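Spelled out, the chains give:
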Amino acid sequence: MSHRFTTRTLADGREIIYVDEPGTPERTAPDLRPVEPRVQSGEVRYDALVDDWVAVAAHRQNRTFMPPKDECPLCPACRGTAPSEIPESEYQVVVFENRFPSYAVEAAGCESSTAAGLLDTRPAVGRCEVVCFTSDHESSFKDLSVDRVRTVVDTWAQRTEALGARPEVQQVFAFENRGREIGVTLPHPHGQIYAYPYVPARTRQLLDAAERHLERTGRLLGADLLAAEREDGSRVVIEGRHWTAYVPFAARWPVEVHLAPHRDVPDLVALDDDERDDLAAVYHDLLGRLDRYYVAEDGSPVALPYIAAWQQAPAKVGRDASRLHLQLMSVLRGPGRLKYLAGSESGVGGWVNDVAPERAAARLREVAP
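How each quantity is defined
Residues numbered from 1 in each chain as written. Predicted model: local features only at pLDDT ≥ 70, side-chain atom pairs only at ≥ 80, totals over all residues. Heavy atoms only, no water. 1 Å grid on protein atoms, 1.4 Å probe; cavity = no way out; pocket = protein on both sides within 12 Å on 5 of 7 lines; lining within 4 Å. Points joined across faces, edges and corners; volume = space filled by probe spheres on them. Helix = DSSP H or I, 4+ residues; strand = E, 2+ residues; numbered from the N terminus. Nonpolar A, V, L, I, M, F, W, Y, C, P; charged D, E, K, R; others polar. Expected span 1.5 Å × (residues − 1). Polar contact = N/O pair within 3.5 Å; in protein donor to acceptor, adjacent residues only side chain to side chain. Contact = heavy atoms within 4.5 Å. Pairing = 2+ DSSP bridges. Axes fitted to C-alpha atoms, helices over the stretch in contact; angles between N-to-C directions. Salt bridge = Lys/Arg side-chain N within 4 Å of Asp/Glu carboxyl O. Buried < 20%, exposed > 50% of the residue type's maximum accessible area, 1.4 Å probe, protein only.

### So, the layout of surface pockets
Empty space within the largest pocket amounts to approximately 1,000 Å³. Considering the residues around the largest pocket, the lining is formed by 28 residues, among which Asp52, Pro200, Ala201, Arg202 and Thr203 are closest to the centre. Considering each element in turn, the lining of the largest pocket owes the most residues, five residues, to helix H2 (residues 201-217). Taken together, the residues of the lining of the largest pocket sort by class into 16 nonpolar, seven polar and five charged.

Below is the structure:
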């Protein structure tokens, strides 16, 4: 499937990119909002205790928080009483630079400085994008058609390639936060893409383990894990032609599913058309099961809050050892009951999971369509 990517400019200079299926009319609507100063990012500070970086983005305190439907900035321009980020009267999938970025093309009032290497500060140069999956405010990712999911997959891949080519970008991370319990500030169906100027701690941890395994065995760790899970079978949820969804053996969250391709690929960009088609179908199936996983006392299904995180190879290093997979996790351990990252998890990173991974996988198989 060949999608059309159309780039336009918003009133404050930010890019907006429309992703459309063939035959869709050209996107020509101008942004009629008054020109306002563009919000720039802040800085990243070095945390010497754990050898990691922290973005300080105080301007995000003023970002839009859970507006009513008629003031949603992600709805098309004609559908609300407040100015929209999206000038068109309708859209399929759209990407734009975040109005309140943690990382931006330009960082205001910050220069690199070091104090014995312990108090290092750098501009938070990078990029943060919002990906709107549909113009339907009341929808969710699982409600999309499989064809629309494929459009989103192609969008993730195109943006991964474009952002990863920027000289300052070290890691491209596509993700979706869904649900108030996760901390969502806009209920409209959307995800985000962060382009980091460094390799974040979780990615470094994954890469370190993968490189050690490759050096020791000559094989990719992700491939060996997938083979082991498929051979065991007790935690496998869905087996497609090119993708397998499974609950990992050492799952940390009450509901956690990994989705991995059968072929060794470092990122979404490397997927061929057949793999993208199968990803759209399997992911659509999986998200539908998640919303049937829990049942409320009145018998109604519980919409599962989740984080869907694409773990891709870093943009510039470690690509030969890295293998693409999706990590989908939820903080909900039962209807109305949350798993809190309390003393052990937050204090020392010692995870405790109250749900056996085999039990979670069995439940996900039970709720197949």
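### Let's talk about helix H3 (residues 221-232)
The periodicity of an α-helix, 3.6 residues per turn, causes residues three or four positions apart to be oriented the same way. End to end, H3 covers 16 Å across twelve residues, agreeing with the expected 16 Å (1.5 Å per residue, within 8%). With its phi angle positive at about 85 degrees, Gly233 sits one or two positions after the end of H3.

### Regarding the side chain of Asp12
Among the secondary structure elements, Asp12 is positioned in the loop between strand S1 (4-9) and strand S2 (15-20). A distance of 2.8 Å separates a polar atom in the side chain of Asp12 from a polar atom in the side chain of Arg14. In contact with Asp12, other than residues within four places in its own chain, are Glu36 and Arg38.

### Points about the sheet that holds strand S4 (residues 52-56)
Strand pairing in a sheet relies on backbone hydrogen bonds. The paired strands run either parallel or antiparallel. The strand order across the open sheet formed by three strands is S4-S3-S6, and the pairing between neighbours is antiparallel. The open sheet has two edge strands with one neighbour each: S4 and strand S6 (121-123). The sheet shows a mean angle of 30 degrees between the axes of neighbouring strands, direction not considered. One ladder, built from three bridges, connects strand S3 (residues 43-47) with S6; its direction is antiparallel. Counted as the bridge partner of Val44 is Arg122 from S6.

### Brief notes about the pattern of salt bridges
Pairing is possible between side chains of opposite charge, provided their charged atoms come close. Counted under the stated rule, the structure contains 38 salt bridges. One salt bridge connects Arg45 with Glu43, and the closest N-O pair in it is separated by 2.5 Å. Residue Arg45 is classed as partly exposed on the basis of its relative accessible area of 44%. Salt-bridge contacts for Arg230 lead to Glu239; the nearest nitrogen and oxygen are separated by 2.8 Å. Salt bridges sharing partners connect three or more residues here, namely Glu15, Arg38, Glu97, Arg127, Glu129 and Arg159.

### Comments concerning the pairing of S2
With five of its six residues buried, S2 lies for the most part within the structure. Alignment of S1 against S2, held across six bridges, turns out to be antiparallel. For Phe5, the partnering residue across the bridge sits in S2 and is Val19. Where S1 folds back on S2, the antiparallel hairpin that results is connected by five residues, among which Gly13 adopts a positive phi of roughly 100 degrees. In this structure, S2 lies alongside strand S5 (residues 93-97), joined through four bridges in antiparallel fashion. Paired with Ile17 across the strands is Val95, a residue of S5.

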